[in-house]
Amino acid sequence: MLMLEKNQKTPLGIYVHIPFCRSKCEYCDFYSLGGSKEKGLTEDYLEAVCLHMKEAGALAPNYLVDTVYFGGGTPTYLGPEDLVQILNAIRRRFTVSNDAEITFEANPDSVNEKMLKRLKAEGFNRISLGVQTDDDQLLRKLGRPHSYRQAVQAVELARNVGFRNISLDLIYGLPGQTLTDWERTLTHVAELQPEHMSCYGLKVEEGTPLWNYKEAANLPDDDAQADMYLSTVRILKEQGYAQYEISNFARRGLRSRHNLKYWTGQEYLGFGPAASSDFAGKHFTIAPDIHSYIKGVKEGGPVLSECQEVPVRERAGEYLMFRLRTSEGIEAEEYMKQFLLPFAPLEALLQNYRAKDLAAFDGTRWRLTPRGFLVSNAILVELLDAQEHSTPLAKRRK
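Residues numbered from 1 in each chain as written. Predicted model: local features only at pLDDT ≥ 70, side-chain atom pairs only at ≥ 80, totals over all residues. Heavy atoms only, no water.

Student: Just to check I follow, could you spell out the nonpolar core for this structure?
Tutor: Proteins that are soluble and globular tend to have nonpolar side chains buried together. In terms of nonpolar packing, the biggest core is built from 100 residues, with Val16, Phe70, Ile86, Ile90 and Phe94 touching the most fellow members. Top contributing element to this core by residue count: helix α2 (residues 41-57), with eight residues. Leave out the neighbours within four places in its chain, and Val16 touches Tyr45, Val49, Met53, Tyr69, Phe70, Gly71, Ile86, Ile90 and Phe271. Within the second largest apolar cluster, ten residues are counted, among which are Cys25, Cys28, Leu138 and Leu174. (Core = buried A, V, L, I, M, F, W, Y, C linked by side-chain atoms within 4.5 Å. Buried < 20%, exposed > 50% of the residue type's maximum accessible area, 1.4 Å probe, protein only. Helix = DSSP H or I, 4+ residues; strand = E, 2+ residues; numbered from the N terminus. Contact = heavy atoms within 4.5 Å.)

Below is the structure:
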């Protein structure tokens, strides 16, 4: 590890999309194949993703993989042997740090002691469980295949086999849910003592089953969701979790290192249908079609739905959009040095947000407050407009 650091390899994250699950949830708009039993499909996918890694690894000899994330879908739908096979393919084709954060997502009903022991033994060291709520009736309404009791058991199993970094996902703004309901759920789930919690407001996306009956679903309105969000920040702070991103909270030293790559502009490679990458100055996304992905990888055909170089001004916009999602925020000198754009037009807006308790300044960095996070989309529209109309700084003389 020390030798690799001395060689100054560039950090790299790897994301592997596992597009399989037992069933599709009512609100889910991620690319996944709920209940797919097509003969040979998982085997063909496994072969394709490992071949894809062989090709990509040859392009990244000067990179050090320090995070690996298996998302979905439900990665554990594949079973431990297939997940280990993919992880071993990553290790063969890339240089992987000895202390890499290696995460897999799972539904509570999809894990057992034997599986968890196998994954832990092979180097997986972080698990993200989709709990969503402690209310079994709501879980059924959402189409979730587990009960809250199974979620508790999954946490206990993970602890018993040695996992020391457990993240739990929750959703607020569910059908018929009140602020009191949500606060009780949040406090109840926090008693499981996870190292990390992700709390998301329910978004009803077009094309999902929930979209078709949203008007009759008794969903909390925007104001009610806002109250739930502010309660989340308060309650989790009281429970010892620091907010480090709009929806993410962690114990000290246990932020998601992989997800921070997205929010801080680091490089990552995605594998599997619908996976995105930011690598070597380009953004590219794989088409959300498992059959075209398998065929393209095996036959050398196209697999991407988009691929583009990212201009400096667009990078500057990403800096604002992603960094202002985090508690670290943005910094004037950092911004001007990286993008050769003036910070003054942004600072004028930020001063106004500060007066409204939407932004805060610590003498060096600007960040949004929890109330600012609630209206971050509107704030970003104004900031990006100011950035778009700014004149680049004269290049500094050497």
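Let us keep going from here.
Student: I keep staring at the layout of surface pockets and nothing clicks. Help me out?
Tutor: Empty space among the atoms becomes apparent when a probe as large as a water molecule is rolled across them. In this structure, the second largest pocket occupies an estimated 320 Å³ of space. Looking at the second largest pocket, it is lined by 17 residues, and the ones nearest its centre are His52, Glu55, Ala56, Leu59 and Phe284. Going through the elements one at a time, α2, β11 (268-271), β12 (276-279), β13 (282-286) and α11 (290-299) are the ones with two or more residues in the lining of the second largest pocket. Considered class by class, the residues forming the lining of the second largest pocket number ten nonpolar, six polar and one charged. (1 Å grid on protein atoms, 1.4 Å probe; cavity = no way out; pocket = protein on both sides within 12 Å on 5 of 7 lines; lining within 4 Å. Points joined across faces, edges and corners; volume = space filled by probe spheres on them. Nonpolar A, V, L, I, M, F, W, Y, C, P; charged D, E, K, R; others polar.)

Student: Where do I start with the sheet that holds strand β15 (residues 330-331) in this structure?
Tutor: Through backbone hydrogen bonds, the strands of a sheet pair up, either in parallel or in antiparallel fashion. Strands sit in the order β15-β17-β16 across an open sheet of three strands; the sheet is antiparallel. Single-partner strands in this sheet number two, and they are β15 and β16 (359-361). Pairing analysis gives two bridges linking β15 to strand β17 (residues 365-368), with the strands arranged antiparallel. Bridge pairing in β17 places Glu331 opposite Arg365. (Pairing = 2+ DSSP bridges.)

Student: Looking at this model, I keep getting lost on the pattern of salt bridges. Mind explaining?
Tutor: Summed over all chains, the structure comprises 17 salt bridges. Here Arg22 and Asp109 are joined by a salt bridge, their closest N and O atoms 2.8 Å apart. Of this pair, Arg22 sits in the loop between β2 (20-21) and β3 (33-34) while Asp109 sits in the loop between β5 (95-106) and α4 (113-121), and the two are 87 residues apart along the sequence. Judged by relative accessible area, Arg22 falls into the exposed class, the value being 53%. Salt bridges sharing common partners tie together Asp44, Glu47 and Lys298. (Salt bridge = Lys/Arg side-chain N within 4 Å of Asp/Glu carboxyl O.)

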